[in-house]
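# Chains, contacts and geometry: an overview
Residue strings, one per chain:
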Amino acid sequence: MATSTKNGNQSLLRRLRALPGELREGVPLAELTTFRIGGPAWAVFTPSRWEALVEGVALARKCEVPWRVVGGGSKLLFLDRGFPGLVILTHKLRGCRQEDGLVVAEAGLRLGELVEAGFCQLAGIPGTVGGAVVMNSGTRYGQIGDRVEWVEVLTPEGELVRWGKEECEFSYRNSRLRQCRCAVLRVGLRPSPSGPPPALILAERRAGQPVGLPSAGCVFRNPPHAPAGWLIDRAGLKGAREGDAMVSPKHANFIVNLGQARASDVLRLVDRVQRQVLRAFRLWLKLELEVVRE
Ligand SMILES: Cc1cc2nc3c(=O)[nH]c(=O)nc-3n(C[C@H](O)[C@H](O)[C@H](O)COP(=O)(O)OP(=O)(O)OC[C@H]3O[C@@H](n4cnc5c(N)ncnc54)[C@H](O)[C@@H]3O)c2cc1C
């Protein structure tokens with residue numbers, strides 16, 4: 001590393017340490033993701049106030065250090081070499097209150113807590129409100145974008161703005177927030193008066209998904225005419241393995257970590273699944289899992 005960059009990075013660490021929150025260096029990303037995979041991050045900053053998150057992003061941009069906001073890490077695959085920049089964790093930004101008939105949640109609020117506040121259709125999805133809004137996460141009973149009234153974001157240009165639902169451009173497991181790499185700070189959500197009981201959704205999930213083994217949920221997006229899991233199953237890939245990464249025998253759109261899986265194992269398995277499904281159905285499965293390649 002050039003001396004000037006090294007000095008710049010040391011000064012960034014010093015300034016981050018002065019902000020409200022916690023700073024750690026060389027944190028294994030396997031500790032921060034549900035897949036339990038990933039080499040070290042250069043530094044991890046966990047702000048205890050949203051203003052510190054904004055400041056942290058501004059400092060990283062000024063020092064030209066790559067940065068990424070991470071919530072529950074339940075949709076992410078970090079590479080074995082790790083992440084050469086600043087991970088900003090939202091874990092301590094967990095405020096939630098009622099305001100004008102809306103539930104106003106900070107980005108780091110766990111989705112499980114939101115379920116208790118009248119969003120039963122999200123029952124069983126791991127992760128945080130921020131990650132869910134960016135990914136427009138949901139179940140067959142509904143997705144979070146349906147309930148969003150507004151989102152307060154930090155734009156890549158460093159502006160703090162409040163976007164209405166339309167401006168967020170929610171679509172299937174996607175949003176404008178994801179495309180333009182905005183940081184989500186707070187979300188205003190309208191609770192739904194009815195829906196299936198969370199216990200029913202949880203029982204369905206336990207019956208149909210691998211529980212107890214690390215994963216990042218569904219790996220591939222469902223193509224328009226058939227679920228990805230069905231295609232992978234029919235292509236004969238249930239139980240297929242690369243190292244300790246395995247296509248779940250219970251739900252073929254999940255790849256599970258049997259213990260010591262590396263990102264390279266997962267990526268080899270992803271490639272094998274895509275090629276075999278292409279051969280069987282002339283269809284290329286697109287990733288829903290987010291691979292962080294910086
Ligand atoms: C067992 C299991 C089951 C799952 N089931 C479902 C399901 O039924 N439906 C479903 O939709 N998903 C499911 N998922 C995937 C995942 O839980 C959801 O997508 C979840 O909402 C992601 O939230 P997160 O906080 O973990 O996001 P992360 O994985 O931390 O991040 C996901 C993306 O959002 C970005 N991000 C996170 N927080 C912010 C923020 N505050 N501001 C800006 N960007 C941010 C990250 O940079 C990244 O690009 C499942 C995952 C697992 C492990």
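Before reading on, note that the structure itself is shown above.
Residues numbered from 1 in each chain as written. Predicted model: local features only at pLDDT ≥ 70, side-chain atom pairs only at ≥ 80, totals over all residues. Heavy atoms only, no water.

Spatial strand order, S13-S14-S15: three strands in an open sheet with antiparallel pairing. Looking at which strands have only one partner, the edges of the open sheet turn out to be strand S13 (241-242) and strand S15 (255-257). With two bridges joining them, S13 and strand S14 (residues 245-247) adopt antiparallel strand pairing. What sits directly across from Arg241, in S14, is Met246. (Pairing = 2+ DSSP bridges. Helix = DSSP H or I, 4+ residues; strand = E, 2+ residues; numbered from the N terminus.)

Following the sequence through the fold, Thr155 ends up in the loop between strand S10 (148-154) and strand S11 (160-164). We classify Thr155 as buried; its relative accessible area is 7%. (Buried < 20%, exposed > 50% of the residue type's maximum accessible area, 1.4 Å probe, protein only.)

What follows deals with the site of the ligand. For the ligand, the set of nearby residues contains 33 residues, the closest of which are Val69, Ser74, Thr128, Gly138 and Val184. At a separation of 2.6 Å, an oxygen atom of the ligand approaches a polar side-chain atom of Thr128. Between the ligand and Arg173, the relevant distance is 3.2 Å, taken from an oxygen atom to a side-chain nitrogen or oxygen of the residue. Taking 970 Å² as the accessible area of the ligand by itself, protein coverage stands at 92%. (Near = heavy atom within 4 Å. Polar contact = N/O pair within 3.5 Å; in protein donor to acceptor, adjacent residues only side chain to side chain. Areas by Shrake-Rupley, 256 points an atom, 1.4 Å probe, with all protein chains shown as cover.)

In terms of nonpolar packing, the biggest core is built from 28 residues, with Ile232 and Val266 touching the most fellow members. For this core, the elements supplying multiple residues, two or more each, are helix H8 (228-234), S14 and helix H9 (263-281). The dominant element in this core, judged by the number of residues it contributes, is H9, at six residues. Each of two domains, domain 1 (3-89) and domain 3 (210-292), supplies a minimum of three residues to this core. Those residues in contact with Ile232, other than ones at most four positions away along the chain, are Phe220, Leu237, Lys238, Val247, Ala252, Asn253, Val273, Val277 and Leu285. (Core = buried A, V, L, I, M, F, W, Y, C linked by side-chain atoms within 4.5 Å. Domains from an automatic or database assignment. Contact = heavy atoms within 4.5 Å.)

Next up on the list: the sheet that holds strand S1 (residues 21-28). Pairing in this open sheet of four strands is mixed, and the strands run S1-S2-S5-S3 from one edge to the other. Of all strands in the sheet, those bounded by a partner on one side alone are S1 and strand S3 (67-70). The average undirected angle you get between the axes of adjacent strands in this sheet is 25°. Pairing of S3 with strand S5 (residues 83-89) involves four bridges; the strand directions are parallel. Looking at S5, one finds that Val70 is bridged to Leu89. Across the sheet, helix H2 (residues 50-62) is in contact with strand S2 (40-47), S3 and S5; its angle to S5 comes to roughly 165°. (Axes fitted to C-alpha atoms, helices over the stretch in contact; angles between N-to-C directions.)

Under the criterion given, the structure shown has two aromatic pairs. Geometrically, the ring pair formed by Trp230 and Phe281 is tilted, given 6.2 Å between the ring centres and 40° between the ring planes. Pair noted here: Trp230 is in helix H8 and Phe281 is in helix H9, with a separation of 51 residues, a long-range link. For Arg162, the ring lying beneath its charged end belongs to Trp150, and the centroid distance is 3.6 Å. (Phe/Tyr/Trp six-rings, centres within 6.5 Å; stacked < 30°, edge-to-face > 60°. Lys NZ or Arg CZ within 6 Å of the ring centre and 35° of its normal.)

This next bit is on the pattern of salt bridges. A complete count under the given rule lists 21 salt bridges for this structure. For Glu149, the salt bridge is made with Arg190, and the minimal N-O distance between the two is 3.2 Å. On the criterion of sequence distance, the pair formed by Glu149 in strand S10 and Arg190 in the loop between strand S12 (183-189) and helix H7 (198-208) is long-range, its members being 41 residues apart. The partner of Glu152 in a salt bridge is Arg186, and the shortest N-O contact between them spans 2.8 Å. Of this pair, Glu152 sits in strand S10 while Arg186 sits in strand S12, placing them 34 residues apart in sequence. The buried category is assigned to Glu152, whose relative accessible area is 18%. By relative accessible area, Arg186 is classed as buried at 15%. Three or more residues are tied together by salt bridges with common partners; here these are Glu22, Arg24, Glu31 and Lys92. (Salt bridge = Lys/Arg side-chain N within 4 Å of Asp/Glu carboxyl O.)

In this section: unusual backbone geometry. One non-glycine residue, Arg173, lies in positive phi territory at about 50°. Here Arg173 shows up in the loop between helix H5 (165-168) and helix H6 (176-179). Judged by its relative accessible area of 15%, Arg173 is buried. Positive phi is not limited to glycine here, since Arg181 has a value of about 55°. Along the chain, Arg181 falls in the loop between H6 and S12. Here Arg181 falls in the partly exposed class, since its relative accessible area comes to 34%.

Taken by themselves, the reported measurements are silent on function.
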